[in-house]
2 protein chains.
Amino acid sequence: MNINQRLEDLREVMRREHLAAFIFPSTDPHQSEYVADHWKGREWISGFNGSAGTAVVTLNAAALWTDSRYFLAAEEQLKGTEFQLMKLKIEGTPTIAEWLGREIAAHRHPYEDWTEVGIDGWCSSTSSVKDLIADLRKENGITLRTNFDPLRQIWAGRPPIPQSPIEIYPMEYAGESTHDKIARIRQSLRQQHADGMLMAALDDIAWTLNLRGSDVHCNPVFVSYLLISQKSVTLYINKEKLTSEVSAYLKAEDIKVEDYEQVKDGLKKYFEYNILLDPDEVNYALYEVVRNKGKMNDLQKTEIVEEESPVKRMKTVKHEREIAGFRSAMLKDGIAMVRFLKWLKPAVEAGGQTEMTVDQKLTSLRAEQPLFRGISFDTIAGYAEHGAIVHYEATPETDVPLKPEGLLLLDSGAQYLDGTTDITRTIALGPLTDEMKKVYTLVLKGHIQIELCKFPSGASGTQIDILARQAMWREGLNYLHGTGHGVGTYLNVHEGPHQFRMEWKPAPLVAGMTITDEPGVYLAGKFGVRIENTLLVVPYKETEFGKFLQFESLTLCPIDKSPILIEMMAQEEIDWLNAYHQHVFDTLSPHLSSDDIEWLRTACAPLSFQ
Amino acid sequence: MNINQRLEDLREVMRREHLAAFIFPSTDPHQSEYVADHWKGREWISGFNGSAGTAVVTLNAAALWTDSRYFLAAEEQLKGTEFQLMKLKIEGTPTIAEWLGREIAAHRHPYEDWTEVGIDGWCSSTSSVKDLIADLRKENGITLRTNFDPLRQIWAGRPPIPQSPIEIYPMEYAGESTHDKIARIRQSLRQQHADGMLMAALDDIAWTLNLRGSDVHCNPVFVSYLLISQKSVTLYINKEKLTSEVSAYLKAEDIKVEDYEQVKDGLKKYFEYNILLDPDEVNYALYEVVRNKGKMNDLQKTEIVEEESPVKRMKTVKHEREIAGFRSAMLKDGIAMVRFLKWLKPAVEAGGQTEMTVDQKLTSLRAEQPLFRGISFDTIAGYAEHGAIVHYEATPETDVPLKPEGLLLLDSGAQYLDGTTDITRTIALGPLTDEMKKVYTLVLKGHIQIELCKFPSGASGTQIDILARQAMWREGLNYLHGTGHGVGTYLNVHEGPHQFRMEWKPAPLVAGMTITDEPGVYLAGKFGVRIENTLLVVPYKETEFGKFLQFESLTLCPIDKSPILIEMMAQEEIDWLNAYHQHVFDTLSPHLSSDDIEWLRTACAPLSFQ
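These numbers were taken from a predicted model, which means no experiment stands behind them.

A. Representation of a negative patch on the surface. All names here are of chain A. Judged by side-chain charge, Glu 98, Asp 131, Asp 135 and Asp 280 come together as a negatively charged surface patch. Mapped onto the fold, Glu 98 is located in helix H4 (residues 96-106). When its relative accessible area of 35% is taken as the criterion, Glu 98 is described as partly exposed.

See the structure below:
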């Protein structure tokens, strides 16, 4: 991969188009977090393959912005290229606009004063483009061009848009029919004074239509748009993906089907008074299609209601059938994890295991479980200092043998037809340093404080987040990623809009939501610790001060007790851990062999002062 | 006070003006929290005298929105009037726009279809009016008129705008000269790409100019505007308020003086390219003046930069001289509080004391202290069930005798020339119920958890707030007010924008800020508990994860130990209380008589299991 040659090809196009810079975000026309290869333009131009990052190329320089999860990985991958790494949320890091302002001013050509910057409006959300326009305007009036994609000219062998087939998601797991979901969406739109909406988020479309695909690695979604008005629903999709069964199902649900590329035309012919476009979800190119209606004589103007899509929150509150599916998936995942953990330490002691081989072993144990459909994200198996790379993925080049000492951070999950799992355990493979034990105990305390939290219905994850951090903050430690995210039902492992985060996430937590609890600490060059369960929001009590909620751990897997410094634990934390382990043992043991039960009995034995 | 007659007078004006409703917010042209009598229009029309509330009057109905602090007080004060109470943040309470939408639709006249609502644009912030316009538009297109004030016609005997004299605030306490402050403001404006700003917040103007007034009860501010450009600074004020000393000082600082009413003209003649107007601070009438420039041929257009005023945050980070002043003021306040608390219980046992008499006693003890200038807000002395009225103010009608039993909630503060104080203690006057002890202990635990908090520099109060609530949430208890606010330096006792709150307050906490820590629980009809210290944000430690901060209690006064259920306290909470009491004893005792020292020794003795 010759990144610098690609940059030269790009700059040739930029000079022809009189563009001072081009910006490559990491997403697709649907604002997906993980995208099909066709849309991995930022990776192609920069070589950096993390899920989040923005590459910016000027005629004289190149830079890549990413967050703390990827600092170490990005540094590695950008080596030998022109790209300099810009660390988000670190003091002194300029914003993209600030950097462009400085770079363009510094290299201004005496005769040709180019101050236009490009970005592909199809692969950028409406809100991000609007913010960028405003930020650039402050930098000596830099303007933004959004209707041009240089990759069409320079990316030889660009993969096509994926065409994987689609299947119907059974009511047994979905719980609510498409008919009923669309009725609820329309009701919600009326409350927002909107006549219709364009749905672009692939998981929202899959949830609404009770369909699943496999266009994106680990995410059972399919590339499409859904246009809902008060009278009709139209799915824009490559029709080759539809089996006769799915076509018949869509017809029965009264959903029209049009070609994927026809969505622009569909918006032009949309005849209601207004339409809801979620500016964080709908790309800027389609937003412009609607905004420019009425400017030409042949088109009726359509007012835009810029609000959050109602589907985002509806989808996160699980139906009782979905919750039952989660419990079933977690049971299977727990069985696979217990078999894996029982195998792990003797296997490492016997020798020959690496980060990649233990990942393969775990996946093979999960694959034995009924309704297994694949992994829900690329496993993070980070041994020793690799554990400090938050989103590390072992490759043949980076893979290391596991020794019977130190910590292995293992973040993994599976897609089962009845539910999606996401679990992190940090495992002592042998003797640990005092620092490892202390950090492990601080992370565990944070994890447990979230598990113990009680809160009024409607509180936000921003309010709760500190409970995972207070113990480590007292020691001057922190982690810069969020503490938790929603999990889809046989859908994307990251589901919003609710989260536990230091940043403001106003989405209220309500009963029926899933959310992970995954604090961590990462000491670069040494080790990393993260402990994660997936939780369900459930009722706690109702008083004169309103409804209160609490969390129930859905994940069923012991937490390694050997690194715990018990004198650092509060009694309520020890009590929680012991009760959780008892619950794990009681739930899993009926499904295990007697050998596995014996191992689990020890793993789940109460923690107490020796 | 005949509220219903006033409503009839108003409605006569409304009919003449074809207005379907009129809205009376609680603020003044400067967005003050506490306003001069001249601007107490909402109180005049409704009879409700709380600091926060909005009255809305249609041709057929009247309603008043206020928050939980005032629910009980408002219910009392609105009795016998047409006004119905609308409880903010309670499920089922409509917004003002929703209520107007319903009321106006229900009483639509068959011929005269009035759908215009009025509000005085001078007494409403730009952002609140913009939000209201957007919300009303959704309610069948109701429109808003902002250029008409009916109170000019119907409020007989309306008090004039206050004309109290102004004094110079000495550098000894201010620490930074006006010259330097204005230089910093201009630098900040340049960073925000703004050429100037209109300052309307009275405390910001007082801070910037190192001047103090007494136009508003308890707040040492003076009614004025300050227009800053890159070249000049103009104070709009009634010139009669300026002594020759102050006039000479302003002249020396190169600050022009114009009449208060000339501010509109000043904005029209402002000739820079753009101006920063903080939409939460500048009223809509003045915003419209700037926005409409350029629409007439004789005026140059001025771009508006709508961002937060830089002065808000600058003012909250205290200069070392200001911090020294706070320490001095807190010492004096602590001496007065100790003398008061020593006196209180025997006085109550002796009989004849009421909520009002103990308030008078406390104020007289404070008045003995050097540099005392008055109270910083109206004392809240709420005995027994009055303690559950969050912003209770005893009046001759409500005053009750204090008995040697139950809880007295006492929230008070003083203005000293060197600093402002704000302290709440809840005091056991005799035997308590188990419920009182439990609630008291939960509130104290919340208070202490904030005191113990360590956090990265730049964290927001929204993140930290839960530490004060988690213990009570586990018991299904809560309070709906914020947990803390900034405190000015011989200025307003409520200072923003940083706060501890459940709602999002993005203002980052940085070293040098003051903030109160005042969780509470209020059981209507029974009692209330609140415990408040004023804290200073100070450095904690610096690690590879950045700068960490902690709090230092500035308030010096024992916390009543007798209601504490020690078995509910964590060891770290007991340790904090004992260390705090030792610090209070060590700091105050050198300034006390031997009698007072003996009382304080007992009050500050360590808490331990009997």
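B. Representation of the packing of aromatic side chains in the model. All names here are of chain A. The tally for this structure, following the rule as stated, stands at 29 aromatic pairs over all chains. Pairing Trp 44 with Trp 155 gives two aromatic rings, centres 5.5 Å apart and planes at 25 degrees, and the pair type is stacked. Taken as a pair, Trp 44 in helix H2 (residues 41-46) and Trp 155 in the loop between helix H6 (151-154) and strand S7 (167-168) lie far apart in primary sequence, 111 residues in all. Each of the two residues, Trp 44 as well as Trp 155, counts as buried. Seen in terms of ring centroids, Tyr 169 and Tyr 173 are 6.0 Å apart; in terms of plane orientation they differ by 40 degrees. Their pairing is tilted. On the accessibility criterion, Tyr 169 (3% relative accessible area) is buried. On the accessibility criterion, Tyr 173 (12% relative accessible area) is buried. Among the aromatic residues, ring-to-ring pairing joins Phe 22, Phe 24 and Phe 148 into one connected group.

C. Seen up close, the interface of chain B and chain A. Facing 32 residues of chain B, the contacting portion of chain A comprises 32 residues. Buried area between chain B and chain A, summed over both chains or domains, comes out near 3,000 Å², and the portion from carbon and sulfur atoms is 57%. Along the contact surface separating chain B from chain A lie four salt bridges. Note that Arg 474 of chain B and Glu 572 of chain A form a salt bridge whose closest N and O atoms lie 2.7 Å from each other. Across the contact surface, chain B and chain A share 10 residue pairs in polar contact (both at pLDDT 80 or more). Elements supplying a minimum of two residues to the side of chain B that touches chain A: helix H16 (434-452), strand S21 (454-456), helix H17 (461-464), helix H18 (470-473), strand S25 (520-523) and strand S27 (533-543) of chain B. Across the side of chain B that touches chain A, the residue classes break down as 16 nonpolar, eight polar and eight charged.

D. Broad picture of the side chain of Thr 514 of chain B. Residue and element names in this part refer to chain B. Looking at the secondary structure, you find Thr 514 in strand S24 (residues 514-517). Residue Thr 514 is classed as buried on the basis of its relative accessible area of 1%. Only 2.8 Å separates the side chain of Thr 514 from the backbone oxygen of Val 487, close enough to count as a polar contact. In this structure, Thr 514 is in contact with Thr 316, Lys 318, Phe 326, His 485, Gly 486, Val 487, His 498, Thr 534, Leu 535, Leu 536 and Leu 554, ignoring residues within four places of it in sequence.

Rules behind the numbers
- Residues numbered from 1 in each chain as written.
- Chains lettered and ligands numbered in written order.
- Predicted model: local features only at pLDDT ≥ 70, side-chain atom pairs only at ≥ 80, totals over all residues.
- Heavy atoms only, no water.
- Patch = residues over 30% accessible without salt bridge, like charges linked within 9 Å, V, L, I, M, F, W, Y side chains within 5 Å.
- Areas by Shrake-Rupley, 256 points an atom, 1.4 Å probe, with all protein chains shown as cover.
- Salt bridge = Lys/Arg side-chain N within 4 Å of Asp/Glu carboxyl O.
- Lys, Arg positive; Asp, Glu negative; His and termini not counted.
- Charge placed at Lys NZ, Arg CZ, Asp CG, Glu CD.
- Helix = DSSP H or I, 4+ residues; strand = E, 2+ residues; numbered from the N terminus.
- Buried < 20%, exposed > 50% of the residue type's maximum accessible area, 1.4 Å probe, protein only.
- Phe/Tyr/Trp six-rings, centres within 6.5 Å; stacked < 30°, edge-to-face > 60°.
- Contact = heavy atoms within 4.5 Å.
- Buried area = accessible area lost by both parts, 1.4 Å probe.
- Polar contact = N/O pair within 3.5 Å; in protein donor to acceptor, adjacent residues only side chain to side chain.
- Nonpolar A, V, L, I, M, F, W, Y, C, P; charged D, E, K, R; others polar.

Read these as geometric descriptors, not functional statements.
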